[in-house]
Amino acid sequence: MSGSWATGWATGDVVTAAEFAKGVGCIYDTTLGVGAASIDVTGIVGSYAHLLIVAYVRSDTAASATGLLTRFNGDTGANYTGAATSTATSVTSGSSTIGGIPAATATSGLFGGYGILVPNYASTVGDKPAVVFGTSFDTGSSNLQNAGNQVLVNGVWRNTSAITRVTLSPAAGSFVIGSRLSIYAMGS
Amino acid sequence: MTMKLVVEPDANGMACESWVPLTAEDRAQQEKDAADDQAVRAAAADRDAMRARAVELATRLETGDATADELREAVALNLRLAGVA
């Protein structure tokens, strides 16, 4: 007997490929063993419904914090728009900065943690909204959103192309050892 | 040498990692990103300073100690913080 996500599962069910594809799976995951100026994931297939990008990162630049940039399909142009809840009246046009991350002079061991949900990433009909949620501290007591870092962002990439490439980089310096990037594909 | 991590699918579609030196274009983009980030931080620091001053002025207005100049400053600050002026 075939089960489904909609009806629930029972012991002995046969999982069809179509039903299996409705689940969530990791399509990429790495933890850096050496520093990297960026992590550039290409060739993302368009056969899923949504993407969830999860980042655990810190920069080595000589500051307490720097920005975290996310770019799609290698687009470095001013085609991103975002508004942060920490600065409700501020809409940032042209910036792919989604938040702040700790850097070299931040308290040791602190990393920034971010989730970036990209609904309907493979659509060729409309722009690509991105919902960013994150947490990032530089001293353990000072939230980076107070230093111009956007921590909860409603963003959009103004492009109708399917997303096939995701690039994360610090605004300055390199990601340190132990930084991790995972990408999950959701549904079909 | 600073490297970037590039991930491409192999012939079987599996993610294949390679470490690549930064190009001149990458470095130029890095410099631009760092400069943009500094500008954002400077603007945020300005906003934080304006907020702090607006709170100070609000306290003086509440206690009736504000001068006419401070009243004008408070109005101007709040308009700037609201993005109106």
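Calculation notes
Residues numbered from 1 in each chain as written. Chains lettered and ligands numbered in written order. Predicted model: local features only at pLDDT ≥ 70, side-chain atom pairs only at ≥ 80, totals over all residues. Heavy atoms only, no water. Helix = DSSP H or I, 4+ residues; strand = E, 2+ residues; numbered from the N terminus. Expected span 1.5 Å × (residues − 1). Buried < 20%, exposed > 50% of the residue type's maximum accessible area, 1.4 Å probe, protein only. Arc of directions from axis to C-beta. Patch = residues over 30% accessible without salt bridge, like charges linked within 9 Å, V, L, I, M, F, W, Y side chains within 5 Å. Areas by Shrake-Rupley, 256 points an atom, 1.4 Å probe, with all protein chains shown as cover. Salt bridge = Lys/Arg side-chain N within 4 Å of Asp/Glu carboxyl O. Contact = heavy atoms within 4.5 Å. Buried area = accessible area lost by both parts, 1.4 Å probe. Polar contact = N/O pair within 3.5 Å; in protein donor to acceptor, adjacent residues only side chain to side chain. Nonpolar A, V, L, I, M, F, W, Y, C, P; charged D, E, K, R; others polar. Pairing = 2+ DSSP bridges. pLDDT = per-residue confidence, 0-100. Axes fitted to C-alpha atoms, helices over the stretch in contact; angles between N-to-C directions.

Can you help me understand helix 2 (residues 68-81) of chain B in this one?
Count 3.6 residues to each turn of an α-helix, and residues three or four apart come out pointing the same way. Residues and elements named next belong to chain B. Here helix 2 contains 14 residues, and its C-alpha end-to-end distance of 20 Å stays within 8% of the 20 Å for a straight helix at 1.5 Å per residue. Considered for burial, the residues of helix 2 that qualify are Glu70, Ala74 and Leu77. For helix 2, the angular spread of the buried residues around the axis is 70°, confining them to a single face. Exposed residues on helix 2 whose side chains face more than 90 degrees from its buried face are Asp69 and Arg72.

Looking at this structure, I do not really get a nonpolar patch on the surface. What am I missing?
Residue and element names in this part refer to chain B. There is a patch of nonpolar side chains on the surface, built from Leu61, Leu71, Val75, Leu79 and Val84 and spanning about 430 Å² of accessible area. At three residues, helix 2 tops the list of elements feeding residues into the nonpolar patch. With respect to the element layout, Val75 can be found in helix 2.

Honestly, the interface of chain B and chain A in this entry has me stumped. Any pointers?
How big an interface is tends to be reported as the loss of accessible area on association of its parts. Each side of the interface is counted separately: chain B has 24 residues, and chain A has 31 residues. Among the residues of chain B in contact with chain A, Leu5(B), Val7(B) and Arg41(B) are the three that bury the most area, contributing 26% of the side total. Residue Asp33(B) pairs with Arg71(A) through a salt bridge whose shortest N-O separation is 2.8 Å. Summed over the shared surface of chain B and chain A, the result is 11 residue pairs in polar contact (both at pLDDT 80 or more). When residues of the side of chain B that touches chain A are traced back to their parent elements, those giving at least two are strand 1 (3-9), strand 2 (15-21) and helix 1 (24-62) of chain B. No other element matches helix 1 of chain B, which puts 11 residues into the side of chain B that touches chain A. Taken together, the residues of the side of chain B that touches chain A sort by class into 12 nonpolar, three polar and nine charged. Where strand 2 (residues 39-41) of chain A and strand 1 of chain B come together, three bridges link them in parallel fashion. The residue of strand 1 of chain B that forms the bridge with Asp40(A) is Val6(B).

Just checking my understanding: could you explain the side chain of Thr66(A) for this structure?
Looking at where Thr66(A) falls in the secondary structure, it is placed in strand 4 (residues 65-72). A distance of 3.3 Å separates a polar atom in the side chain of Thr66(A) from the backbone nitrogen of Ala172(A).

What exactly am I supposed to notice about the confidence of the model for chain B here?
For any part of a model where pLDDT is low, the fine detail of the predicted coordinates should not be relied upon. Residue and element names in this part refer to chain B. Per-residue confidence for chain B averages 90 on the pLDDT scale, and 99% of its residues sit at or above 70. In the model of chain B, helix 1 stands out as the element of lowest mean pLDDT, 89, in contrast to strand 1, which has the highest, 95. On the interface metric, ipTM, the complex scores 0.83, and its pTM is 0.85.

Honestly, the sheet that holds strand 7 (residues 97-102) of chain A in this entry has me stumped. Any pointers?
The strands making up a sheet are joined through hydrogen bonds of the backbone, oriented either antiparallel or parallel. Across the sheet, six strands lie side by side as 7(A)-4(A)-11(A)-2(A)-1(B)-2(B); this open sheet has mixed pairing. The two strands at the open ends of the sheet, each matched to only one other strand, are strand 7 of chain A together with strand 2 of chain B. For this sheet, the mean inter-axis angle between neighbouring strands, taken without regard to orientation, is 20°. Both strand 4 of chain A and strand 11 (residues 166-170) of chain A contribute to a ladder of five bridges, which runs antiparallel. The residue of strand 11 of chain A that forms the bridge with Leu68(A) is Pro170(A). The sheet contacts of helix 1 of chain B involve strand 4 of chain A together with strand 1 and strand 2 of chain B, and relative to strand 4 of chain A the element is tilted by about 125°.

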